[in-house]
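Inside the fold
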Amino acid sequence: MKKLIFLTLFLGALCASWAQDYVESENFATDSYIDVTNPLKTIRQINGGTVFKIEYGDGFTVEMKGAFEYACKLLEEYIPTCLPITVYAEWGNLSSTSSTQTNISKVLLNAPEGFGGESQDNRTSPMAKIKYITLGEFIKESTISYFDSIPDVTFLDDPSLPDIRIVYNSNLIDDFSFSLEETQYDKYDFVSVVLRDLLKALGFSTEFKVNPLTNNQISVPRGLLTDFEVVTKVALGNGTPASLYSAATQGEVSLTATYWNYTPLKLYAPTTWQNNVSLNYFVPDTTYAVTQVLSHEFGRGTVLRNINDTYGLSLFRSFLGWQEDFLISTSTPSNTSGGSTANILPYNGSFSVGSNSASGLTYTTENADVGIMSLSTSDAIQEQLTDYVRQFHPSINLSGSIVNEGWTVSILKKDGTWDVALYIYTTSDDIEGQMSDLTLHYDQEEYARTCDGHLRVRFTKAIQVGRRNTYTSYYYVASYTPQKVELGLAHVESSSSQTISSVADATTPAVRIGMKNVEGCTRIVIEKLLSGNRLPVRTTLTDFKKGYFDATLSSSRDATFTAIAYNDNGSTTSESITIRANSLSSSSSPISISNGQLIISSEDLETLEGCLYRIVPIQTYTSKVAKSGVVGKEGIDLSNLSTGIYTFQVIYDGEIVVSEKFHI
């Protein structure tokens, strides 16, 4: 309770102290069951190479993290290439501000007002937009929008000041499903909720509200609008607050913007205004994936996993302001995508990339004679910023220098940087090679994965003509061995008995163990090893995508769990976790004597059944076997043994794996 009170106070202080830099958006859903499913597509467009760098607050268990990161992987394919976006996710006590819908999360978006350099920005700019433009203009050697104004590197990558902060309603924790499956439950699908939150955090939200004092008039609680709010306000018209309110309660509002020549997006505008709902969601349109994920029709049972269409780059440019400032550019940048999940590179095989590939994502430097790269920041800061941004340039070598000619093959890492796996000096439009030619310089757990478990590979062709450089990147996914599954105690609903503490008086307490990094696995085998045993019990999971499995514990013996993940390319073994037993008895022996029989505990019987056993009397003058046989489900009859002390031994593969003393 103290933690929740502190969090509430902290959030209040946070909003007060960052009022000028944080845009707040609440994510609402109905408590009713809405039968809508938009499944993930196998073939998806990849618009770039962006990652979300995530930190978690207390209460995020392993399976919750797995669901959150799965949603991030879905959206990473859709986002145009920008610097890494930092996210902090936590649980907190959220009170509802709507009488008709449920507040399931709150998004705090780091968005400085009026931030910009020579081309002064007169808007509130989310950090994701700043990071996109900063990287794009740096590659084009046209850093004129934001680079001058960035005070230091921590502005771009400060863990204590994330670009996005999301608080999930801890009062509803039992009402979420954390499964990666697209199965519908009478719960809120956490993956879908996270997708909605992240899209809001990238800028698809507004803070238009109805002024409670004047009624029927729209007000904006900030000085400068975001790009999406500007587009929305233009769609509402330039009239009085009352006329804006009238336009915003007509059922829907059509959005068009610069560079947008397609069917308009339609914002949800119910005839009865709802703060934080009106103008914050879309009327779903099957043409645009964004409108389906951010649909106003969302409730329990709604599963939305498809965030992919051919409009991604245009949507971000036209509605969120993700466009570089071109002083002398002869043409607008291409909106073609950089790749597709159809381009799967084999684990062992060859690759051929170039003119036979899908359209590439192209950057061309500005005319260097103009000298746009003159910066006003100090030399020290300029050098630090340049070194930081250069890491994400599409054409660098192992030493971090920009390559102006040839092909660079890179693998995306979880921190957003790229590991240069191969460089080929050639001016050819096409390259061919073997996957075995690629050298990965880091442990496989440091590389980013797709939601299918694949590595993300970038092929960049650099061409230099005079003083102008052109970089064209093609994005592929590569089949690889599975990730290491991460294990940890899972969240259990408060009404469930599957917790260790709540069944302390039982002989086989139940425990729920969460998992993450299961994407791309075809099979997961769980090994359970009880303390004192040499052999584990193996169980194959058939439904591992739900993010957890249930196991039973001995009342007095620790259990160590290990996950072995398989796919067509091999297997990986997880780090083990040990669950401490609740001591319900002073004995930790796997056997007991009852009514003239030797009884093997049910936990050990899983491992020992079918093995040979022998019972040997403890005497100094002989080691003659008193009884032998095969371990079965029934107890071992001891009625024909004399009174004395014996050793019970179990032999597996010629080795004694159990040796326990007992007396009769």
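What you see is a predicted model, and the numbers here were worked out from it, not measured in a lab.

How each quantity is defined
Residues numbered from 1 in each chain as written. Predicted model: local features only at pLDDT ≥ 70, side-chain atom pairs only at ≥ 80, totals over all residues. Heavy atoms only, no water. Core = buried A, V, L, I, M, F, W, Y, C linked by side-chain atoms within 4.5 Å. Buried < 20%, exposed > 50% of the residue type's maximum accessible area, 1.4 Å probe, protein only. Contact = heavy atoms within 4.5 Å. Pairing = 2+ DSSP bridges. Helix = DSSP H or I, 4+ residues; strand = E, 2+ residues; numbered from the N terminus. Axes fitted to C-alpha atoms, helices over the stretch in contact; angles between N-to-C directions. Parallel < 35°, antiparallel > 145°, perpendicular 65-115°, else oblique. Nonpolar A, V, L, I, M, F, W, Y, C, P; charged D, E, K, R; others polar. Salt bridge = Lys/Arg side-chain N within 4 Å of Asp/Glu carboxyl O. Lys, Arg positive; Asp, Glu negative; His and termini not counted. Expected span 1.5 Å × (residues − 1). pLDDT = per-residue confidence, 0-100. Polar contact = N/O pair within 3.5 Å; in protein donor to acceptor, adjacent residues only side chain to side chain. Phe/Tyr/Trp six-rings, centres within 6.5 Å; stacked < 30°, edge-to-face > 60°. Lys NZ or Arg CZ within 6 Å of the ring centre and 35° of its normal. Left-handed = near helix turned anticlockwise from the far one by under 90°.

1. Focus on the nonpolar core
F68 and F561 are the most contacted members of the largest nonpolar core, which totals 133 residues. If near-sequence neighbours (up to four positions away) are discounted, F68 is found in contact with I54, Y56, F60, V87, A89, I166, Y168, F190 and V194. Membership of the second largest hydrophobic core comes to 19 residues, among which are I591, I600, Y613 and V650.

2. A short note on the sheet that holds strand β38 (residues 655-663)
Overall, antiparallel pairing links the 4 strands, which are arranged β35-β34-β37-β38 in an open sheet. Strands with a single pairing partner mark the edges of an open sheet, and in this sheet they are β35 (627-630) and β38. Averaged over all adjacent pairs, the angle separating strand axes in this sheet is 20 degrees, with direction ignored. Pairing of strand β37 (residues 645-652) with β38 involves 8 bridges; the strand directions are antiparallel. When the sheet's bridge partners are listed, F648 is paired in β38 with E660.

3. Quick notes on the packing of helix α3 (residues 127-139) against helix α9 (residues 379-390)
One way to put it is that α3 packs onto α9 with a least axis distance of 11 Å and a crossing angle of 90 degrees. Considered as vectors, α3 and α9 are oriented roughly perpendicular to each other. Contacts between α3 and α9 involve T134, L135 and F138 from the former and T386, V389 and R390 from the latter. A per-class count over the contact of α3 with α9 returns 3 nonpolar, 2 polar and 1 charged.

4. Description of the sheet that holds strand β33 (residues 597-600)
In spatial order, the strands read β32-β33-β36; together these 3 strands make up an open sheet with antiparallel pairing. Each end of this open sheet is capped by a strand with a single partner; those strands are β32 (591-594) and β36 (636-637). Bridge count between β33 and β36: 2 bridges; the pairing is antiparallel. Looking at β36, one finds that L598 is bridged to I636.

5. Brief notes about the pairing of strand β25 (residues 510-516)
Within a regular strand, the side chains alternate between the two sheet faces. Burial within β25 is extensive, with 7 of its 7 residues counted as buried. The alternating pattern of β25 places A510, R512, G514 and K516 on one face and V511, I513 and M515 on the opposite face, and all of these are buried. Here 4 bridges tie strand β24 (residues 486-489) to β25, and the two strands are oriented antiparallel to one another. The partner of E486 across the bridge, within β25, is K516.

6. Quick look at the pattern of salt bridges
The final tally for this structure, using the stated rule, is 24 salt bridges. With its nearest N and O atoms 2.7 Å apart, the salt bridge here joins K129 to D227. Linking K129 in helix α3 with D227 in helix α5 (residues 227-236), this pair joins segments that are 98 residues apart in sequence. Overall, D227 belongs to the buried group, its relative accessible area being 7%. For R512, the salt bridge goes to D550, with nearest N and O atoms at 2.7 Å. Placement of the pair is R512 in strand β25 and D550 in strand β28 (residues 548-552), with a sequence separation of 38 residues. The partly exposed category is assigned to D550, whose relative accessible area is 36%.

7. What about the environment of T439?
Looking at the secondary structure, you find T439 in the loop between β21 (431-434) and β22 (455-465). The class of T439 is partly exposed, set by a relative accessible area of 40%. Along the chain, T439 and S410 lie 29 residues apart, while their C-alpha atoms are 9.6 Å from each other. Non-local contacts of T439, meaning those with residues more than four positions away in its chain, are made with D419, V420 and A421.

8. Thoughts on the side chain of D197
Position of D197 among the secondary structure elements: in helix α4 (residues 190-202). It turns out D197 is buried and unbridged, and the closest side chain with the opposite charge, R196, is 6.5 Å from it. Apart from the residues within four sequence positions on either side, D197 is in contact with N27, S105, V107, I166 and Y168.

9. Considering helix α2 (residues 62-76)
Here α2 is 15 residues long and its end C-alpha atoms lie 21 Å apart, about the 21 Å a rise of 1.5 Å per residue gives. Buried residues dominate α2, accounting for 14 of its 15 residues.

10. Some details on the confidence of the model for the chain
Here the chain shows a mean pLDDT of 86. Residues at 70 or above account for 87%. This stretch, residues 1-20, has a pLDDT under 50; its non-local contacts, to residues over four places away or in other chains, come to 22 contacts. With pLDDT under 50 throughout, residues 327-336 is counted as low confidence; its partners more than four residues away or in other chains account for 17 contacts.

11. Observations regarding the side chain of T417
Along the chain, the position of T417 falls in the loop between β19 (406-412) and β20 (418-424). Of the residues examined, T417 reaches a relative accessible area of 10% and is grouped as buried. A polar atom in the side chain of T417 sits 2.6 Å from the side chain of D415. Ignoring any residue separated from it by four or fewer positions in sequence, one finds T417 in contact with Q391, F392, I411 and L412.

12. Looking at the packing of aromatic side chains
Across all of its chains, the model carries 43 aromatic pairs by this definition. Geometrically, the ring pair formed by F459 and Y476 is edge-to-face, given 5.4 Å between the ring centres and 70 degrees between the ring planes. Taken together, the residues F459 in strand β22 and Y476 in strand β23 (residues 468-478) connect sequence positions 17 residues apart. With relative accessibility at 0%, the residue F459 sits in the buried group. Classification of Y476 as buried rests on a relative accessible area of 7%. One aromatic cluster is present, built from ring pairs that chain together Y56, F60, F68, W91, Y168, F176, F178, Y188 and F190. Sitting over the ring of Y281, K200 keeps its end group 4.4 Å from the ring centre. Lying over the aromatic face of W418, R458 brings its terminal NZ or CZ to 3.9 Å of the ring centre.

13. A few points about the packing of α2 against α4
It is the contact of α2 with α4, at a shortest axis distance of 9 Å, that shows an interaxial angle of 50 degrees. Compared by their axis directions, α2 and α4 come out oblique. Relative to α4, the crossing made by α2 is right-handed. Taken together, the residues of α4 that come into contact with α2 (itself represented by M64, A67, F68, Y70, A71, C72, L74 and L75) are F190, V191, V194, L195, L198, L199 and L202. In terms of residue class, the contact of α2 with α4 is built from 15 nonpolar, no polar and no charged.

14. Regarding the environment of G514
Looking at the secondary structure, you find G514 in strand β25. Note on G514: relative accessible area 0%, which makes it buried. Note: C-alpha distance between G514 and E486 (28 residues apart in sequence) is 8.1 Å. Setting aside anything within four residues of it in sequence, one finds G514 in contact with V62, E63, E486, L487, G488, L489, A490, G547 and Y548.

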